[in-house]
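These are the residues of each chain, in order.
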Amino acid sequence: MSIKAGLVGLPNVGKSTLFNALTKSSIPMENYPFCTIDPHVAITEVPDVRLEQLRKIYNSSKIIPATVTFVDIAGLVKGAATGEGLGNQFLGNIAQVDLILHVLRCFEDPSIIRSTEIDPINDFEIIMAELMLKDIEAIDKRLPKVEKSLKGKLSGAEQKSLNDEIELLKNVRIALEQGNAQTARSLVINAHVQTTPLLSTKNFLVIANIAEGELEDKQYLNNKHYQALVKHFGTEHVVPISARIEYELTQMDVAEAQEFMDMMGIMQPGLDTIIKKTYDNLGLITFFTCGPKEIHAWPVRKGTTIRQAGGEIHSDIERGFICSETFSVDDLMALKTEPAIKTAGKMRIEGQNYLVQDGDIVHIRFNV
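The rules we used
- Residues numbered from 1 in each chain as written.
- Predicted model: local features only at pLDDT ≥ 70, side-chain atom pairs only at ≥ 80, totals over all residues.
- Heavy atoms only, no water.
- Phe/Tyr/Trp six-rings, centres within 6.5 Å; stacked < 30°, edge-to-face > 60°.
- Helix = DSSP H or I, 4+ residues; strand = E, 2+ residues; numbered from the N terminus.
- Expected span 1.5 Å × (residues − 1).
- Buried < 20%, exposed > 50% of the residue type's maximum accessible area, 1.4 Å probe, protein only.
- Contact = heavy atoms within 4.5 Å.
- Salt bridge = Lys/Arg side-chain N within 4 Å of Asp/Glu carboxyl O.
- Pairing = 2+ DSSP bridges.
- Lys, Arg positive; Asp, Glu negative; His and termini not counted.
- Core = buried A, V, L, I, M, F, W, Y, C linked by side-chain atoms within 4.5 Å.

Asks: Can you walk me through the packing of aromatic side chains in this structure?
Replies: Both the distance between ring centres and the angle between the ring planes are used here to describe each pair of aromatic rings. Within the structure shown, the criterion is met by five aromatic pairs. Ring centres 5.1 Å apart and planes at 80° place the aromatic pair Y220 and Y226 in the edge-to-face group. An aromatic cluster is defined as three or more aromatic residues linked by ring pairs; in this entry it consists of F124, F204 and F233.

Asks: How should helix α5 (residues 156-177) be read in this particular structure?
Replies: Given 3.6 residues to a turn, an α-helix orients residues that are three or four positions apart in the same direction. Relative to the 32 Å expected for 22 residues at 1.5 Å per residue, α5 spans 32 Å between its end C-alpha atoms, a close match to the ideal helical length. By the burial criterion, the buried members of α5 are L162, E165, I166, L168, L169, V172, R173, A175 and L176. Summarising the contacts, the buried residues of α5 are in contact with α4 (120-149) and α6 (181-190). Once α5 ends, the next one or two residues include G179, with phi positive near 75°.

Asks: Please clarify how the pattern of salt bridges should be interpreted in this entry.
Replies: In the structure shown here, the tally under the stated rule is 16 salt bridges. Ionic pairing is found between R55 and E52, a salt bridge with its closest N-O pair at 2.7 Å. With a gap of three residues between them, R55 and E52 both fall in helix α2 (residues 50-58), about one helical turn apart. Here E52 falls in the partly exposed class, since its relative accessible area comes to 33%. For R301, the salt bridge goes to D98, with nearest N and O atoms at 4.0 Å. Taken as a pair, R301 in strand β10 (residues 294-301) and D98 in the loop between α3 (87-94) and β6 (99-105) lie far apart in primary sequence, 203 residues in all.

Asks: Which parts of the structure should I look at to understand the pairing of strand β1 (residues 4-8)?
Replies: For a regular strand, side chains alternate in direction, first toward one face of the sheet and then toward the other. Burial of β1 is extensive: four of the five residues sit out of reach of the surface. Note: β1 against β6, four bridges, orientation parallel. Each residue of the ladder has a partner; that of V8, found in β6, is H102.

Asks: Please clarify how the side chain of D360 should be interpreted in this entry.
Replies: Mapped onto the elements, D360 comes out in strand β13 (residues 360-366). R348 is the oppositely charged side chain nearest to the buried, salt-bridge-free D360, at an N-O distance of 4.2 Å. With near-sequence residues (within four places) excluded, D360 lies in contact with T286, F287, F288, T326, F327, R348 and Y354.

Asks: How should the side chain of H225 be read in this particular structure?
Replies: In this structure, H225 sits in helix α7 (residues 224-233). Discounting residues that sit within four places of it in the chain, H225 has contacts with C106, I118 and P120.

Asks: In this structure, what is going on with the environment of K141? I would like to understand it.
Replies: Assignment of secondary structure puts K141 in helix α4. Along the primary structure K141 and T196 are separated by 55 residues, whereas in three dimensions their C-alpha atoms are 9.7 Å apart.

Asks: Mind showing me how you'd approach the nonpolar core here?
Replies: The tendency in soluble globular proteins is for nonpolar side chains to be buried as a group. Ranked by internal contacts, the top residues of the largest apolar core, which has 87 residues, are L54, F70, L101, L229 and I361. At 10 residues, α4 tops the list of elements feeding residues into this core. Apart from residues lying up to four places away in sequence, L54 is in contact with S60, F288, C290, I295, V329, L332, M333 and I361. In this structure, W298, I317, Y354 and I364 belong to the second largest nonpolar core, which totals 12 residues.

Asks: What's the story with the pairing of strand β9 (residues 284-290) in this structure? I'm lost.
Replies: Most of β9 sits inside the fold, with seven of its seven residues counted as buried. Residues of β9 alternate between two faces, with L284, T286, F288 and C290 on one and I285, F287 and T289 on the opposite face, all of them buried. Taken together, the seven bridges between β9 and β10 define a ladder with antiparallel strand orientation. Note that in β10 the partner of C290 across the bridge is I295. In textbook terms, the turn of a hairpin is the stretch between consecutive antiparallel strands, and for β9 and β10 this stretch comprises three residues.

That's the geometry; what it means functionally is another story.
Encoded structure:
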């Protein structure tokens, strides 16, 4: 599956600097990490220590990691919902991503031109207000179409589905008019019907762009703007990074970068944290296909059946699925070989309704 995360922010919040941390350190595309497709899109690999461990066990020729696509979405200005600035392009790009990364500046910098004082929560609310206005417009376009469809010849189930959608849209619209995107999102998530995609109900993370010096020994914990974001959104939804430091790290070799992080007390690059949080917030897990040719990591959503997972590899596999030989990467690390896995009774034959677990290694049998 293709995972897309969109970097969103007002002008001059550090969004482009963070994006440059992805694109400036590009290497050949076949290796995936930090590979630039065009000036506004970059693919980066999902860090996973299991890949190298598996490569050694299978003596594989190459590794193909799971990837995340980052989209640098044009800076938003107030009035985007009515087409101000690059409003229509901005909102259209947001519709294409799975997760919104709100980049919010949390430090003063006299060299950065701003018309207002630093206030990351207000910046977030400006963006959300534009998304909600666009969603109200989308609902107002959708409702008449659904109501018109009710006048046709329909089964009882079809009538119920359309009536449920109308009720959902009206309730969501009320929530959006009240400025309550969280309620609107909850209504959409818990609904038993699907409706037009809405921007303000998308899942999101907050990227707190802090000053370089605040990373050392986690001094950002005393930053009043970071504290306000954590209080408002919760620690699990706020990722503290220095966009400038992230960019500088991409310009160093591995040894230099590690030495610099050790000096600053940074446990891992902020980008790795963003990717992990992206995975968590989208409900993603990874399964593997392994052999001497390659180790391939495949991201799927929790609750995906093994047959559906096979479709991520190739549509023929899903169509002709028979069964899957499945075992866990943890068992392989402990027992070292597939024959040992079989001897220990750790290899299972799973049918099409088996739900894939994170770390599953699968050999799927199929026939088409």
